[in-house]
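Structural features, examined
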Amino acid sequence: SHRDVMRLLTEVIRGMSATIQAQASAALKLWKIVPPRIPAEIPVIHFTDALDLIYRETGEDARTEPDLSPNHERWLGEWALREHGSDFVFVEGYPMTKRPFYTHPDPARPTYSASFDLLFRGLELVTGGQRLHLYADYLAALAARGMPVEPFAGYLEAFKYGMPPHGGFAIGLERWVSRLAELTNVREATLFPRDI
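Residue numbers run consecutively from 1 along every chain, following the written order of its sequence. Only residues with pLDDT of at least 70 get local features here, since the model is predicted, and only at 80 or more are side-chain atom pairs given and counted; chain-wide, interface and lining totals rely on the full set of residues. Hydrogens and water molecules were not included; the side-chain quantities draw on all heavy atoms of the structure.

A run of DSSP states H or I qualifies as a helix once it reaches four residues; a run of E qualifies as a strand once it reaches two. Both are numbered from the N-terminal end. Note on placement: His104 falls in the loop between strand S2 (88–92) and strand S3 (115–120). Sequence separation between His104 and Ala140 is 36 residues, and the spatial gap between their C-alpha atoms is 12 Å. Throughout, a contact is declared for two residues whenever any of their heavy atoms are within 4.5 Å. Not counting the four nearest positions on each side in its chain, His104 is found in contact with Met96, Ser113, Ala114, Gln130, Arg131 and Leu132.

Spelled out as structure tokens, the structure:
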């Protein structure tokens, strides 16, 4: 499930942080970087609960929105630190309309996904989740979105012959460095920025 992926990601983040502290402590000291606070379990909140919490606490009603705004992500980051002592918070169960067609729906709530974002100090750092693994489910997902099968034929070929349940995540390394160093712009953490 996507929770398995979240557990793996937690260990990856823990390992990255430990490695930086062990191998780059001089750089951390030079840049006055505070290592991230990672509790035994990173807090998890469902997307709908996050919007309800934001509404109750701030009065800002975004409960019909299909995604979190940057302000909402910042607010949730502050909430996770204040309530859980964590620089991280998982937001799970985004609406299926905001996720790629290959994302597995939540079996208990099919309009929501078995996916997550990991927020780090109030900014989305990682997106991940459980992926579809049955060929028929891919065909149904594409049809439901009105997307043709042909452009995905090569991708779908493996699923015709069987694929185990699986998931994954993608971490934004520039975002990681940017939040870790508390830089004002992610471009400051990009080795070769694509702008002047």
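And the narrative resumes.
So, about the environment of Arg131. Tracing the backbone through its elements, the reader meets Arg131 in strand S4 (residues 123–131). Arg131 gets classed as partly exposed once you look at its relative accessible area, which sits at 24%. Note: C-alpha distance between Arg131 and Ser113 (18 residues apart in sequence) is 9.7 Å. Dropping the residues within four chain positions of it, Arg131 is found in contact with Tyr102, His104, His166, Gly167, Gly168 and Phe169. Buried residues are those whose accessible area, probed at 1.4 Å on protein chains only, stays under 20% of the maximum for their type, while exposed residues exceed 50% and partly exposed ones sit between those limits.

Where side chains of opposite charge bring their charged atoms close, a pairing between them can arise. One side-chain nitrogen of Lys or Arg within 4 Å of one carboxyl oxygen of Asp or Glu is enough to make a salt bridge. In this structure the tally under the stated criterion is nine salt bridges. A salt bridge links Arg37 to Asp87; its shortest N-O distance comes to 3.1 Å. Residue Arg37 is found in the loop between helix H2 (25–30) and strand S1 (44–46), and its partner Asp87 is found in the loop between helix H4 (70–84) and S2; the two are separated by 50 residues along the sequence. In this structure Arg37 comes out as partly exposed when scored by relative accessible area, which is 37%. Residue classification places Asp87 among the buried positions, given a relative accessible area of 3%.

A few words now on the sheet that holds S2. The pairing criterion is simple: DSSP has to find at least two bridges between the two strands. With mixed pairing, five strands are arranged side by side in an open sheet as S1-S2-S3-S4-S5. Looking along the sheet, the strands with just one partner apiece sit at the ends: S1 and strand S5 (166–171). On average, each strand axis in the sheet is inclined to that of its neighbour by 20°, with strand direction left out of account. For S2 and S3, the ladder comprises five bridges, and the chain directions are antiparallel. Looking at the pairing, Val89 lines up with Leu119 of S3. Helix-sheet contacts for helix H7 (residues 173–180) involve S2, S3, S4 and S5, and the interaxial angle to S4 is about 140°. Lines are fitted to the C-alpha atoms to define the axes, a helix being fitted only along its stretch in contact, and any angle between axes, read from their N-to-C directions, falls within 0 to 180 degrees.

Attention now moves to the pairing of S3. Counted residue by residue, S3 has six buried out of six residues, so it is predominantly covered. Alternating positions in S3 separate into two faces, Ser115, Asp117 and Leu119 on one and Phe116, Leu118 and Phe120 on the other, with burial throughout. Across six bridges, the pairing between S3 and S4 is antiparallel. When the bridges of S4 are listed, Ser115 appears paired with Gly129.

To continue, consider the packing of helix H1 (residues 2–23) against H7. Put simply, H1 and H7 touch, their axes get as near as 13 Å, and they point 55° apart. In terms of orientation, H1 and H7 fall into the oblique class. Crossing angle aside, the handedness with which H1 passes H7 is right-handed. Between H1 and H7, the contacting residues are Ile13, Met16, Ser17 and Ile20 on the first element and Leu173, Trp176 and Leu180 on the second. When residue character is reported, Ala, Val, Leu, Ile, Met, Phe, Trp, Tyr, Cys and Pro are called nonpolar, Asp, Glu, Lys and Arg charged, and the others, Gly included, polar. Across the contact of H1 with H7, the residue classes break down as six nonpolar, one polar and no charged. Angles are sorted into four bins: roughly parallel if under 35 degrees, roughly antiparallel if over 145, roughly perpendicular if 65 to 115, and oblique for all others. By definition, any crossing whose near helix is turned counterclockwise from its far helix by less than a right angle is left-handed, and any crossing with a clockwise turn is right-handed.

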